[in-house]
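Geometric and topological summary
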Amino acid sequence: MSVQDPRRRIPRTDRLLELPSVRAAAAAVGTRVVRDLARAVQDRARRGEIAPEQVEPQLVEALASRRPGSLRPVLNATGVIVHTNLGRAPLSAAARTALERASGYADVEFDLATGARSRRGAGARAALLAACPARLPSGEDLDALVVNNGAAALLLAATALAGGREVILSRGEMIEIGAGFRLAELIASAGASIREVGATNRTHREDYAAAIGPATGALLSVHPSNYRIRGFTSAVGIAELADLAHEHALPLVADLGSGLLVPEPSLPEEPDATGALEAGADVVITSGDKLLGGPQAGIILGRAPIIARLARHPMARAVRADKLALAALEATLTGPVPPVLAALRLDPEQLRGRTEALAQALRAEGIEAGVVPHDGRVGGGGGAEVPLPGWALRLPEAWAAPLREGDPAIVGTVRDGACLLDLRCVPEESDPLLLDALTAVRR
C-alpha cells in the first residue's frame, strides 16, 4: 500500500496569494515580497521543518510582522538628541502630517490660482525668512535657498562663488566629521582650492589679509561644531572677517552647521544665522535636521543677489530639495516646538521624576533598576562638550542587546558595566511602551 507524500499537501503559491489577508498585505508591501515569503514558508514545509497545514498560518504570521522598508523605528534612550546614527532630528507631528499631505501630487512648483509654474518651495522659503529676522548691514533684502543637505549647500556656494579660485580658511577650522568626511576635499571637488591661513590654535586678521590676492574667490568661516580648541587661542570673528572681505569686494561664507536661526538660551555659545548675517556674512549655511529639528536639508540664507546667483547655477538643480523635505521643513518652522528643542530644554527634575517612576514600576515586578545622574548631549555636531544634566535608568549590562533587538527597538548606552536608559529623547507617551518592553526582557 502506497503512502501519499506529505509535500503534496503544501498549498500552491497562487492559492496562498488569493487569501484575503495575504492580498491585503500585498497592497502594503508589494506582491514580490509576499511571493518571496510564501516560497520561503513552502520551502520550510518541503524540508520537513513544519507541517503542510502550517504553511498558511506561518505565512500570515510572517506578513503580520512585515513592514514596508527595512528601516525600523527606534526609541532613542542614549540621551544624545541629534543622534546621527539614529537619523538625527525626529520630526514633529506637524512635519509628519505635512509629509503625508505632500506624498502624492502637490503644488510644489505650481500656482493653483493662475495655472502657471511658480517658484519651487515658496512656502518653505517664506517660512525661513519669517523665522530669521536678520537685518542685513548692506540694506539689501534677505533671501533663502533650500538644498538636500549641509554639505551640498557648501558645495554649491563654493562652486558658484569661488570655482577655479581660492577659498581662504583658518587652519583651526579645517574640520573632519564622521566617516572621514573632510572639508578641504569637499571644496576641492567644487573646483576650488583652500588657502590655509594662521595656525591651528591662533589665526589673526593679518593672516587673512596677507593671503588675499587675484586668485581669491571667497573667505570662509566654519564653526567647529564637533570639537573645541582651548588654551592659548585666537580667532577672527564674523564681523571683522566681513569688513575685510568687503574691503576687497569678496563674499564671506559662514558655515554654522548646527541649524540655529536665532539664539538659543540653553546654548549661549552656539552661533545662529541671524547673528552671523547681521554681523556681515554674505551667505550663511545651516542644516535642517540638527538643532532646527526638521528634515535633512541644507539651508542657505544671505543677500538676495548672491542667493539668486547660487539658484541660477547649474549645480543648484543637482542638489535641490525634494517636495517631502520642503513640506516637512515648512511645517517645522511654522508649527509647535519640535522634539529636538523640547528635548534640549527639558527640565532635569521632570526627567528625574519620569525615570524614578519607571524604576519603581520595574522594582515592583522584581527587576533590579536604579536611577543615576546622566549627562545628555546635543550631538550631530552641535553644542560640542556642552553637558545636558539629567538622569538615567540603570539596568544590567546584558539587557542592552535584547532591548536593541526587541520591538520596539530600544537603544541605550553601555557604560561602567551597566545599560543606561536616558529618557530625554523618549516621548513621555512612550513610557508605558518602554515599561512593557523592559518587563518582556525579564521574562
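As shown above, the structure is provided for reference.
Structural notes, computed from the coordinates.

1. Points about the sheet that holds strand β11 (residues 370-373)
The strand order across the open sheet formed by four strands is β11-β12-β15-β14, and the pairing between neighbours is antiparallel. Looking along the sheet, the strands with just one partner apiece sit at the ends: β11 and β14 (413-415). Shown here is a sheet whose adjacent strand axes are inclined to one another by a mean of 40°, direction ignored. Where β11 lies against strand β12 (residues 391-396), four bridges are found, and the strand directions are antiparallel. Bridge pairing in β12 places Val372 opposite Ala392. Together, β11 and β12 form the strand contacts of helix α16 (residues 348-364), whose direction differs from that of β12 by roughly 25°.

2. Brief notes about helix α2 (residues 20-29)
Within α2, the full set of buried residues consists of Val22, Ala25 and Ala26. Looking straight down α2, one finds its buried side chains confined to an arc of 105°; they lie on one side. With respect to the buried face of α2, the exposed residues turned more than 90 degrees away are Pro20, Arg23 and Ala27. On its buried face, α2 sits against α1 (13-17), α3 (31-46) and α4 (55-64). One or two residues past the end of α2 sits Gly30, with phi positive at roughly 100°.

3. Focus on the packing of aromatic side chains
For any two aromatic rings, the description comes down to two numbers: the centre-to-centre distance and the angle of the planes. Counting across every chain of the model gives zero aromatic pairs. Taking NZ or CZ as reference, Arg352 lies 4.1 Å from the ring centre of Trp391, over its face.

4. Examining the side chain of Asp143
Its place among the elements puts Asp143 in strand β2 (residues 142-147). According to the relative accessible area criterion, Asp143 is buried, its value standing at 8%. Within the local environment of Asp143, its side chain forms a polar contact with the side chain of Arg119, the two groups lying 3.5 Å apart. Residues contacting Asp143, with those up to four places away along its chain left out, are Arg119, Arg125, Leu129, Ile300, Leu301, Gly302, Ala304 and Ile307.

5. Details of the nonpolar core
Formed by 40 residues in total, the largest nonpolar core has its most connected members in Leu219 and Leu301. Secondary structure elements with two or more residues in this core: α6 (122-131), β2, α9 (205-211), α10 (238-247), β8 (252-257), α11 (273-278), β10 (298-303) and α14 (323-334). Sort the elements by how many residues they give to this core and α10 lands first, with five residues. Beyond its immediate stretch of four places on either side in the chain, Leu301 contacts Leu129, Cys132, Leu142, Asp143, Ala144, Leu261, Ala273, Leu277, Asp282, Val283, Val284 and Ile307.

6. Some words on the pairing of β8
Most of β8 sits out of view: six of its six residues are buried. Here β8 shows a buried face lined by Leu252, Ala254 and Leu256 and a second buried face lined by Val253, Asp255 and Gly257. Summarising the sheet, strand β7 (residues 216-222) and β8 pair through four bridges and their orientation is parallel. In the strand pairing of β8, Leu219 is matched with Leu252. Two strands pair when backbone bridges link them, and β8 and strand β9 (residues 283-287) are joined in this way by four bridges, in the parallel orientation. Its bridge partner being in β9, Val253 is matched across the sheet by Val283. Crossover β8 to β9 through α11 is right-handed.

7. A few points about the environment of Ser103
You can see Ser103 is positioned in the loop between α5 (93-102) and α6. On the basis of relative accessibility, which here comes to 48%, the residue Ser103 falls in the partly exposed class. Sequence separation between Ser103 and Lys323 is 220 residues, and the spatial gap between their C-alpha atoms is 8.0 Å. Contacts of Ser103, omitting those with residues within four sequence positions, involve Lys323 and Leu324. Of the polar contacts made by the side chain of Ser103, one reaches the backbone oxygen of Glu100; its length is 2.6 Å.

About the thresholds
- Residues numbered from 1 in each chain as written.
- Predicted model: local features only at pLDDT ≥ 70, side-chain atom pairs only at ≥ 80, totals over all residues.
- Heavy atoms only, no water.
- Pairing = 2+ DSSP bridges.
- Helix = DSSP H or I, 4+ residues; strand = E, 2+ residues; numbered from the N terminus.
- Axes fitted to C-alpha atoms, helices over the stretch in contact; angles between N-to-C directions.
- Contact = heavy atoms within 4.5 Å.
- Buried < 20%, exposed > 50% of the residue type's maximum accessible area, 1.4 Å probe, protein only.
- Arc of directions from axis to C-beta.
- Phe/Tyr/Trp six-rings, centres within 6.5 Å; stacked < 30°, edge-to-face > 60°.
- Lys NZ or Arg CZ within 6 Å of the ring centre and 35° of its normal.
- Polar contact = N/O pair within 3.5 Å; in protein donor to acceptor, adjacent residues only side chain to side chain.
- Core = buried A, V, L, I, M, F, W, Y, C linked by side-chain atoms within 4.5 Å.
- Right-handed = clockwise from strand over helix to strand, strands pointing away.

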